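Structural description and commentary
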Amino acid sequence: MAGPLALTEVLEQILPSTVVVAESHSDPTWATLLPEEEALVANSVEKRRREFTTVRHCARQALARLGLPPAPILSGACGEPIWPARVVGSMTHCDGYRAAALARAAEVATLGVDAEPHAPLPDGVFGAIALPGEQARAAALTAALPGTCWDRVLFGAKEAVFKAWFPVTGRWLDFAEADIVIEPAGTFAARLLVPGPVIGGVRMTAFHGRFLVERGLVLTATAAPAPDQPEAQAEVRPSPL
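Read on for an overview of the structure. (Residues numbered from 1 in each chain as written. Predicted model: local features only at pLDDT ≥ 70, side-chain atom pairs only at ≥ 80, totals over all residues. Heavy atoms only, no water.)

Examining the sheet that holds strand β4 (residues 87–94)
Within a beta sheet, neighbouring strands are joined by backbone hydrogen bonds and run either parallel or antiparallel to one another. Let me state the cut-off plainly: At least two DSSP bridges between two strands are required for those strands to pair. For helices the rule is a DSSP run of H or I covering at least 4 residues; for strands it is a run of E covering at least 2, with both sets numbered from the N terminus onward. Every axis in this analysis is a line fitted to C-alpha atoms, fitted for helices over the stretch in contact. Angles between the N-to-C directions lie between 0 and 180 degrees. Throughout, a contact is declared for two residues whenever any of their heavy atoms are within 4.5 Å.
Taken in spatial order, the three strands line up as β1-β5-β4 in an open sheet, and their pairing is antiparallel. Two strands in the sheet have a free side with no partner beyond their single neighbour: β1 (20–24) and β4. The mean inter-strand angle of the sheet, taken between neighbouring strand axes irrespective of direction, is 10°. Examined bridge by bridge, β1 and strand β5 (residues 97–104) share five bridges and lie antiparallel to one another. The partner of Val21 across the bridge, within β5, is Ala101. Strand contacts of helix α2 (residues 46–65): β1, β4 and β5, with the helix running at about 35° to β5, the strand carrying the most contacts.

Considering the pairing of strand β12 (residues 217–225)
To be explicit about the condition: For the exposure calls, accessible area comes from a 1.4 Å probe over protein chains only, and a residue counts as buried if that area is under 20% of its type's maximum, exposed if over 50%, partly exposed in between.
In terms of residue burial, β12 counts as a mostly covered element, since nine of its nine residues are buried. Here β12 shows a buried face lined by Leu217, Leu219, Ala221, Ala223 and Pro225 and a second buried face lined by Val218, Thr220, Thr222 and Ala224. Note that strand β6 (residues 108–117) and β12 share nine bridges and pair antiparallel. From the neighbouring strand, Val113 faces β12, where its bridge partner is Ala221. Strand direction decides the pairing type here: strand β11 (residues 206–214) and β12, joined by six bridges, are antiparallel. Paired with Glu214 across the two strands is Leu217, which belongs to β12. What sits between the antiparallel neighbours β11 and β12 is a turn of two residues, in which Arg215 has the positive phi angle 55°.

What to know about α2
Note the cut-off: By definition here, a helix of n residues has an expected span of 1.5 Å times n minus one.
Compared with an ideal rise of 1.5 Å per residue, which puts 20 residues at 28 Å, α2 spans 29 Å between its outermost C-alpha atoms and is within 8% of the ideal. Within the span of α2, buried status applies to Glu51, Phe52, Thr53, Thr54, Val55, Arg56, His57, Cys58, Ala59, Arg60, Ala62 and Leu63. The elements touched by buried residues of α2 are β1, α1 (35–38), β2 (74–75), β4 and β5. Phi turns positive, to about 80°, at Gly67, one or two residues after α2.

Printed below as a string of structure tokens:
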């Protein structure tokens, strides 16, 4: 099994170089919560506590990589993470994987990441989250490249887009409010079907991202550059895709 904090982060392969990542493939026994965070999981089952603790341990590792001190990562009214001032970020976890991705707000306006097991979605889920055009495109991808669970890639892309959307709008984004086109080379584009957020005086009409299928995981990520910054998804680390 990989060490608690991998030396080469998998998720960073699909994020801009302005984003730092810390990830874990297990729940280290030395990972602890800050006192302010303890109250958030005081009545949670052990599995939830482990996920919550490890992903916040990752977040503090990422803060350190930005040169920032440890800080509690609390939750907002809708469960969203509350980051320190002048920091944007996103966290994710699934069985065997936890990760946090952070950036300085001066460089990245918002970002979202998601991790999923590389397996088909449970029965009934795909039809509930995918628009008719998305279903048709996923079927075509499955016929051409059956080794990838394209329904899961689509689900992960929608989750990553929502995580980037919410901090800059304060509103929910329904699965049917973004039409996502997945390119098999490892990118996706999410066209917003509702008015998007205004960043730097410009209204966003789409989120662009990347995905990676590796080590039994489907990883998805999107990042929007801060005003006056170059396009965030254009400058990414080398990827095996």
